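Each chain is listed here by its residues.
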Amino acid sequence: MMLRPSYSDLIEAVNRDVEPGEEPVVQSRYSIVIATAKRARQLIAGEEPMVPVSSGKKPLSIAINELYKSKVKIVSDEDISED
């Protein structure tokens, strides 16, 4: 089964706003998997989706769509501790 968007498309979308010379937000499929799983758990826990959702859409599909459309951002643990 093919994922749409693909891992490479998703990584490119997440790193879209990174300035040249800056460290990419996501560098591996592993990071994308962890981020989408975390967001899917938030959706399951009751958070509202940030993209239009058709009935029957699974939380993981919604999370992938949110990342692809830049509705949610991936932040590192270091960024969280600085706040």
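Numbers given to residues run from 1 along each chain, matching the order in which its sequence is written. Where totals are concerned, whole chains, interfaces and linings use all residues; where local detail is concerned, this predicted model gives features only for residues with pLDDT of at least 70, and gives and counts side-chain atom pairs only at 80 or more. The side-chain numbers reported here are obtained from all heavy atoms of the structure, hydrogens and water having been left aside.

**Let's talk about the overall build of the chain**
Secondary structure elements follow DSSP: runs of H or I of four or more residues count as helices, runs of E of two or more count as strands, with numbering from the N terminus. Regarding its fold elements, the chain presents four helices and zero strands. The order of α-helices and β-strands along the chain, N terminus first, is α-α-α-α. Working rule for contacts: check all heavy atoms of both residues, and any pair within 4.5 Å makes them a contact. In the chain, of all internal contacts separated by at least 6 residues, the share reaching a separation of at least 24 is 39%. By element, 52% of the accessible surface of the chain is carried by carbon and sulfur atoms, the whole surface being about 6300 Å². Every accessible area reported is derived by Shrake-Rupley at a probe size of 1.4 Å, with residue values counting cover from the shown protein chains alone.

**What to know about unusual backbone geometry**
Backbone geometry at Ser-70 places phi at a positive 60 degrees, although glycine is not the residue there. Within the secondary structure, Ser-70 is located in the loop between α3 (59-68) and α4 (77-82).

**Some thoughts on the packing of helix α1 (residues 7-14) against α3**
At their nearest, the axes of α1 and α3 sit 8 Å apart, and the two run at 50 degrees to each other. Classified by the angle between their axes, α1 and α3 sit oblique to one another. Here Asp-9, Leu-10, Ala-13 and Val-14 of α1 lie close against α3, whose contacting residues are Ile-64, Leu-67 and Tyr-68. Axis lines are fitted through C-alpha atoms, for helices just across the contact stretch, and the angle between N-to-C directions can take any value from 0 to 180 degrees. The cut-offs work like this: below 35 degrees is roughly parallel, past 145 is roughly antiparallel, 65 to 115 is roughly perpendicular, and the gaps in between are oblique.

**Examining the nonpolar core**
Formed by Leu-10, Ile-11, Val-14, Val-26, Ile-32, Ala-35, Ile-64, Leu-67 and Val-72, the largest nonpolar core amounts to nine residues. Counting residues per element, the ones that place at least two in this core are α1, α2 (29-44) and α3. With residues up to four places along the chain from it excluded, the contact list for Val-14 reads Val-25, Val-26, Ile-32, Leu-67 and Ile-74. Ala-40, Leu-43, Val-51 and Ala-63 belong to the second-largest nonpolar core, a separate cluster that totals five residues. Nonpolar cores were defined as sets of buried Ala, Val, Leu, Ile, Met, Phe, Trp, Tyr and Cys residues, with membership established by side-chain atoms within 4.5 Å. Accessibility here uses a 1.4 Å probe with only protein chains present; expressed as a share of the type maximum, an area under 20% marks a residue as buried, one over 50% as exposed, and anything in between as partly exposed.

**Looking at the environment of Val-75**
By secondary structure assignment, the location of Val-75 is in the loop between α3 and α4. With 50 residues separating them along the chain, Val-75 and Val-25 place their C-alpha atoms 7.5 Å apart.

**Some thoughts on the confidence of the model for the chain**
Overall, the prediction assigns the chain a mean pLDDT of 83, with 87% of residues at 70 or greater. One confidence number per residue, pLDDT, is output by the predictor and ranges from 0 to 100. Looking at the elements of the chain, mean pLDDT is at its lowest for α4, recorded as 57, and at its highest for α3, recorded as 92.

**Digging into α1**
Buried within α1 are the following residues: Leu-10, Ile-11, Ala-13 and Val-14. All buried residues of α1 lie within an arc of 160 degrees about the axis, which places them on one face of the element. Seen from the buried face of α1, the exposed residues on the opposite side, beyond 90 degrees, are Ser-8 and Glu-12. Looking at the buried side of α1, the elements it contacts are α2 and α3. What the arc describes is the spread of directions from the helix axis to the C-beta atoms.

**A look at the environment of Lys-73**
By secondary structure assignment, the location of Lys-73 is in the loop between α3 and α4. In this structure, the C-alpha to C-alpha distance between Lys-73 and Ala-35, residues 38 residues apart in sequence, is 9.1 Å.

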